[in-house]
Amino acid sequence: MGSTDNSAQAGARWAFPAMITGSACLAFGPWLVRLADVGPLASAFWRQALAVPFLFALALVAGRRQGHAPFAGSTVGLVGLAALAGFAFAADLSVWHLGIMRTTLANSTLLANAATFLLPLYGLVVLGQRLTRPQWWALAAAAAGVALLLGRSAEVSARHFAGDLLCLAAAVFYTIYLIAIEKVRGTLDAMPALVLATLASALALAPLAASGAFWPQDWTPVLGLAIGSQVVGQGLIVYAVRHLSPLVVGLTLLVQPAISAIIGALRFGEVPGPLELVGAGLVVAALLIARLPSRA
């Protein structure tokens, strides 16, 4: 009993630095997409395909430590649900990577995190749940912030506006992914579920990736996406969320748009104006409010 408590305390102790590190790794994803010498759809494919063997090895190690086969309990229905999650993630990466090439790094990361306040909307429309007052405020702040960001992008260029819309579409697909993968997590541990979803998304992305420049001449950016974003970033976040409150998770996720904005300003001269800052502030407020724990 004592060893179990010590293990839980050790996990909680490392959860916050793991969450910060994972979020920081994900923040470099948009920059790596731009650096890759393949098309945006090909970089999405390589991110998933190259990550599969690493994730599979981690799933085997985790299963061995827990004393059971990592994919024990898998059924045809469960694999199908994991495939659905993977297809949704493939759609998310496809439109997000296309959006990254058409808008600022800050907007691409911020708008892609809209899944945080789309989940309560799913609960309202599909599940018939009642939203709390903070959740209503979050949706209102998000709508106002997104409207400001889209309005400014439309003024800058039609290309920026299209990029923002693609990143918002990515958030919708990511919400579908989260809903499906959470159902898979009801039976499988986090790492095996991530392996199945990542493999399915790689298979779904393969025919799309072949339409443009496919084979990298420089493997560094796509390896960075696979290991940094998919294996380390997603892996650390999957580990950390079990030990942290929703509010802390929401705060640490805001590391992503902050780092992306700094990279965009320093590397690409994407300095936000006053209205962009107000819009981004409203979206950040929505992300925080949506993560607040319910008093109930």
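Structural data are supplied above this passage.
The model shown is predicted, which means the values in this text are computed figures rather than measured ones.

Novice: Help me understand the overall build of the chain in this model?
Specialist: A count of helical and extended segments in the chain gives 13 helices and zero strands. For the chain, the succession of helices and strands along the chain, N to C, is α-α-α-α-α-α-α-α-α-α-α-α-α. Residues classed as buried in the chain amount to 45% of the 296 residues present. When the accessible area of the chain is evaluated, it comes to approximately 14,100 Å², of which 69% is carbon and sulfur surface.

Novice: Looking at this structure, how should I read the packing of aromatic side chains?
Specialist: One pair of aromatic rings is described through two measures. These are the centre distance and the angle between the planes. Here the structure, examined in full by the defined rule, presents 11 aromatic pairs. Ring centres of F214 and W215 lie 5.2 Å apart, and the angle between their planes is 85°; this geometry places the pair in the edge-to-face category. The lysine or arginine in question, R34, covers the ring of F268, its NZ or CZ lying 4.6 Å from the ring centre.

Novice: Looking at this structure, I do not really get a nonpolar patch on the surface. What am I missing?
Specialist: On the surface, a nonpolar cluster with roughly 540 Å² of combined accessible area is contributed by F54, W215, W219, L223, I227 and V232. Here the element with the most residues in the nonpolar patch is helix 10 (residues 220–240); it accounts for three residues. Assignment of secondary structure puts F54 in helix 3 (residues 40–66). F54 gets classed as partly exposed once you look at its relative accessible area, which sits at 41%.

Novice: Teacher, can you tell me more about the nonpolar core here?
Specialist: One recurring pattern in soluble globular proteins: nonpolar side chains tend to sit buried together. L55, W96, Y177, I181 and V184 are the most contacted members of the largest nonpolar core, which totals 54 residues. Considering each element in turn, this core owes the most residues, 10 residues, to helix 4 (residues 76–100). Once residues lying within four places of it in the same chain are set aside, the contact partners of V184 are L78, L81, A82 and A193. If you look at the next biggest cluster of nonpolar residues, it comprises eight residues, including A18, M19, L244 and L253.

Novice: Which parts of the structure should I look at to understand the pattern of salt bridges?
Specialist: For side chains bearing opposite charge, pairing can occur when the charged atoms are close. Inspection of the entire model under this criterion finds one salt bridge. Between E270 and R34 there is a salt bridge, with its nearest N and O atoms 2.8 Å apart. Of this pair, E270 sits in the loop between helix 12 (255–268) and helix 13 (274–291) while R34 sits in helix 2 (residues 29–35); the two residues are 236 residues apart in sequence, bridging distant segments of the chain.

Novice: Would you mind showing me how to read the environment of F71 here?
Specialist: Mapped onto the elements of the fold, F71 is located in the loop between helix 3 and helix 4. Taking C-alpha positions, F71 is 6.8 Å from L188, a pair spaced 117 residues apart along the chain. Setting aside its immediate chain neighbours within four residues, F71 contacts F56, L188, P192, V195 and L196.

Novice: How should I be thinking about the packing of helix 3 against helix 4 in this particular structure?
Specialist: Helix-helix packing is characterised by the crossing angle of the two axes and by the distance between the axes. For the pair helix 3 and helix 4, interaxial distance at closest approach is 8 Å and the crossing angle is 140°. With respect to helix 4, the axis of helix 3 lies oblique. At the point where helix 3 passes helix 4, the crossing takes the right-handed sense. For the pair helix 3 and helix 4, contact is made by P40, L41, S43, A44, R47 and Q48 and by F89, L93, S94, W96, H97 and L98, respectively. For the contact of helix 3 with helix 4, the residue count by class is seven nonpolar, four polar and one charged.

The rules behind the values
Residues numbered from 1 in each chain as written. Predicted model: local features only at pLDDT ≥ 70, side-chain atom pairs only at ≥ 80, totals over all residues. Heavy atoms only, no water. Helix = DSSP H or I, 4+ residues; strand = E, 2+ residues; numbered from the N terminus. Buried < 20%, exposed > 50% of the residue type's maximum accessible area, 1.4 Å probe, protein only. Areas by Shrake-Rupley, 256 points an atom, 1.4 Å probe, with all protein chains shown as cover. Phe/Tyr/Trp six-rings, centres within 6.5 Å; stacked < 30°, edge-to-face > 60°. Lys NZ or Arg CZ within 6 Å of the ring centre and 35° of its normal. Patch = residues over 30% accessible without salt bridge, like charges linked within 9 Å, V, L, I, M, F, W, Y side chains within 5 Å. Salt bridge = Lys/Arg side-chain N within 4 Å of Asp/Glu carboxyl O. Core = buried A, V, L, I, M, F, W, Y, C linked by side-chain atoms within 4.5 Å. Contact = heavy atoms within 4.5 Å. Axes fitted to C-alpha atoms, helices over the stretch in contact; angles between N-to-C directions. Parallel < 35°, antiparallel > 145°, perpendicular 65-115°, else oblique. Left-handed = near helix turned anticlockwise from the far one by under 90°. Nonpolar A, V, L, I, M, F, W, Y, C, P; charged D, E, K, R; others polar.

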